[in-house]
Amino acid sequence: MLFIHPAVLKWGLPALAVCVIVFHLIKRKIKYKGGIKAANTSFVKSLDIYKYKRRFYTVVSIALELCIVATLAASLFLIARPAKKETVSNGTKKRDIFLCMDVSYSIYALNADLVENLEDVVRGLDGDRFGISIYNTTTVLYVPMTDDYDFIISKLEELKEYFVLQSEFMDKYYDEDTNTYDYDMNNYDDYLALQEKLDYYDAGTLVNNYVKGSSLVGEGLASCVYSYPRLEDEDRTRVIIMSTDNAQEERSEPLVELDEATDICKKYDITVFGLFPKKEKWSGMNTTDYQTDKEEFQKCVEKTGGKFYEESKTLTVEDIVKDIEKEEALEVEEVTTTKIYDQPAVPVIVILSCLVLILVIGLVIKL
């Protein structure tokens, strides 16, 4: 048995014993003081009722004294905080995974597939931490790094709904031939209702987009990097799964370009796995070149030691996610942890039992 405050017992129990001894010495010394002595009591003492009362008084006195002493001793044990020490040796997984998503409307299909497949990955995690960062013009830390997998899955479900709304919006109101959005007065209310739902998600990712532009990939990646907790202090395997079409539409000079952002990743040993949409899904919204954007993104991703994946008919998002899981093996270290659990049950039971017994004795005496 471990005690958090052993000094309480070291000094408390001897002090209690001394108090009991002193009490009995004083009691014996003043036993016949203050009363009137009676002569010729042998007849009374020989009576059965007297003997019974004498025995009853002796038993009750001893019982009460024992209960009081036990209560005080148990209280000392409780104050000393009895506890149990448990040493656990186990492996700990030290991997931090960030999902970094370009949520511009040009790649909603890729993003929808990605979050769908990552749900199963998150369900299978055990000890790893996971976070979600989304960006367009600006970045939102959608899920800070955590190992609360139920919470992560609920947020992935929200993002799935977001990409469904994006898909509905693009299908109904975007004209790829003219690269414009169109609606008529007959569906204006539906348009506003859908726009209102999208505004909930878009609000944080489109701050000053009329000035800065959209799909600022470098700023999105750099913001994700600096969302890692204790970036310089903790020794953990860090992974970023990044989806983008790298079709940056800047209207002013970005703070960080993609090449600079991947240099930062390399500095902190962060591996980036990049997902790029297939050419058939290249959006007419983009004013940049597919091949140029793809090659730049691939070069930057591979610079971090990661892999570049281009979605295709033969390589689906599901295949890509499985490959990333296989590629980035978990680092496992043997870790010994010591846990201390309070064990107050026995002293509490003793105290309550003694108090109940004292109450019962008091009731019996009155009767």
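You'll find the structure just up there.
Residues numbered from 1 in each chain as written. Predicted model: local features only at pLDDT ≥ 70, side-chain atom pairs only at ≥ 80, totals over all residues. Heavy atoms only, no water.

## Some thoughts on the overall build of the chain
Right, so step 1: For the chain, the count of helices and strands is 12 helices and 13 strands.
Right, so step 2: A globule of 367 residues ought to have a C-alpha radius of gyration of about 21 Å, yet the chain, at 38 Å, is considerably larger.
Right, so step 3: Every one of the 367 residues in the chain was classed for burial, and the buried ones make up 39%.
Right, so step 4: In the chain, the share of contacts with a sequence separation of at least 24, taken over all contacts with a separation of at least 6, comes to 81%.
Right, so step 5: Counting only carbon and sulfur atoms, one obtains 56% of the accessible surface of the chain, whose full area is about 21,600 Å². (Helix = DSSP H or I, 4+ residues; strand = E, 2+ residues; numbered from the N terminus. Rg over C-alpha atoms; globule rule 2.2 N^0.38 Å. Buried < 20%, exposed > 50% of the residue type's maximum accessible area, 1.4 Å probe, protein only. Contact = heavy atoms within 4.5 Å. Areas by Shrake-Rupley, 256 points an atom, 1.4 Å probe, with all protein chains shown as cover.)

## Examining empty space enclosed by the protein
One water molecule sets the probe size; rolling that probe over the atoms shows where empty space is left.
Right, so step 1: This structure, assessed with the given rule, holds 1 cavity of 30 Å³ or more.
Right, so step 2: Empty space within the largest cavity amounts to approximately 80 Å³.
Right, so step 3: Around the largest cavity, the lining comprises 10 residues; the ones closest to its centre are I97, V121, I241, I324 and E325.
Right, so step 4: When contributions to the lining of the largest cavity are tallied by element, the ones reaching two or more residues are β3 (95-102), α4 (108-123), β9 (237-243) and α11 (317-327).
Right, so step 5: At 3 residues, α11 tops the list of elements feeding residues into the lining of the largest cavity. (1 Å grid on protein atoms, 1.4 Å probe; cavity = no way out; pocket = protein on both sides within 12 Å on 5 of 7 lines; lining within 4 Å. Points joined across faces, edges and corners; volume = space filled by probe spheres on them.)

## Re the packing of aromatic side chains
Right, so step 1: A complete count under the given rule lists 14 aromatic pairs for this structure.
Right, so step 2: Plain terms: the ring middles of Y105 and F169 are 6.0 Å apart, the flat faces sit at 80° to each other, and that makes the pair edge-to-face. Within this pair, whereas Y105 is found in the loop between β3 and α4, its partner F169 is found in helix α5 (residues 149-173), the two being separated by 64 residues in sequence. Neither Y105 nor F169 differs from the other in exposure class; each is buried.
Right, so step 3: The ring of Y142 carries K155 above its face, with NZ or CZ at 4.6 Å from the centroid.
Right, so step 4: Positioned above the aromatic ring of Y228, the side-chain terminus of R238 is 5.6 Å from the ring centre. (Phe/Tyr/Trp six-rings, centres within 6.5 Å; stacked < 30°, edge-to-face > 60°. Lys NZ or Arg CZ within 6 Å of the ring centre and 35° of its normal.)

## A few points about the nonpolar core
Right, so step 1: Among the nonpolar cores identified, the biggest contains 44 residues, and L99 and I132 are the most heavily contacted of them.
Right, so step 2: Looking at which element gives the most residues to this core, the answer is α5, with 11 residues.
Right, so step 3: If we ignore the near neighbours within four places in the chain, the residues touching L99 are L114, V115, L118, F130, G131, I132, S133, L156 and I241.
Right, so step 4: Within the second largest apolar cluster, 29 residues are counted, among which are F98, C100, C265 and V301. (Core = buried A, V, L, I, M, F, W, Y, C linked by side-chain atoms within 4.5 Å.)

## Focus on helix α9 (residues 258-267)
Right, so step 1: All of the buried residues in α9 are L258, A261, T262, I264 and C265. Buried residues in α9, looked at end-on, bunch into an arc of 150°, giving them a common side.
Right, so step 2: Following α9 by one or two positions, D269 has its phi on the positive side, about 55°. (Arc of directions from axis to C-beta.)

## Re the pairing of strand β11 (residues 270-276)
Successive residues of a regular strand alternate their side chains across the two faces of the sheet.
Right, so step 1: Across the 7 residues of β11, 7 count as buried, placing the element largely inside the fold.
Right, so step 2: Of the two faces of β11, the one carrying I270, V272, G274 and F276 and the one carrying T271, F273 and L275 are both buried.
Right, so step 3: Sheet analysis places β9 next to β11, joined by 6 bridges and oriented parallel. From the neighbouring strand, M242 faces β11, where its bridge partner is G274. (Pairing = 2+ DSSP bridges.)

## Some words on the environment of K322
Right, so step 1: Within the fold, K322 resides in helix α11.
Right, so step 2: Judged by its relative accessible area of 49%, K322 is partly exposed.

## As for unusual backbone geometry
Right, so step 1: Backbone geometry places N208, a non-glycine residue, at a positive phi of 60°.
Right, so step 2: One can find N208 in the loop between α6 (188-202) and α7 (209-212).
Right, so step 3: The phi angle at S215 is positive, at roughly 50°, despite the residue not being glycine.
Right, so step 4: Inspection of the secondary structure assignment puts S215 in the loop between β8 (213-214) and α8 (217-225).
Right, so step 5: On the basis of relative accessibility, which here comes to 4%, the residue S215 falls in the buried class.

## What about the pattern of salt bridges?
Right, so step 1: A complete count under the given rule lists 14 salt bridges for this structure.
Right, so step 2: When the shortest N-O distance is used, the salt bridge between D342 and R81 registers 3.0 Å. Remark: R81 occurs in the loop between α3 (48-79) and β2 (82-93) and D342 occurs in strand β13 (residues 332-342); sequence separation between them is 261 residues.
Right, so step 3: The class for R81 is partly exposed, based on a relative accessible area of 36%.
Right, so step 4: Where K294 meets E310, a salt bridge forms, and the shortest distance between an N and an O atom there is 3.1 Å. Placement of the pair is K294 in helix α10 (residues 290-303) and E310 in strand β12 (residues 308-310), with a sequence separation of 16 residues.
Right, so step 5: Via salt bridges that share partners, E116, E119, D120, R123, E157 and K160 belong to a single interconnected network. (Salt bridge = Lys/Arg side-chain N within 4 Å of Asp/Glu carboxyl O.)

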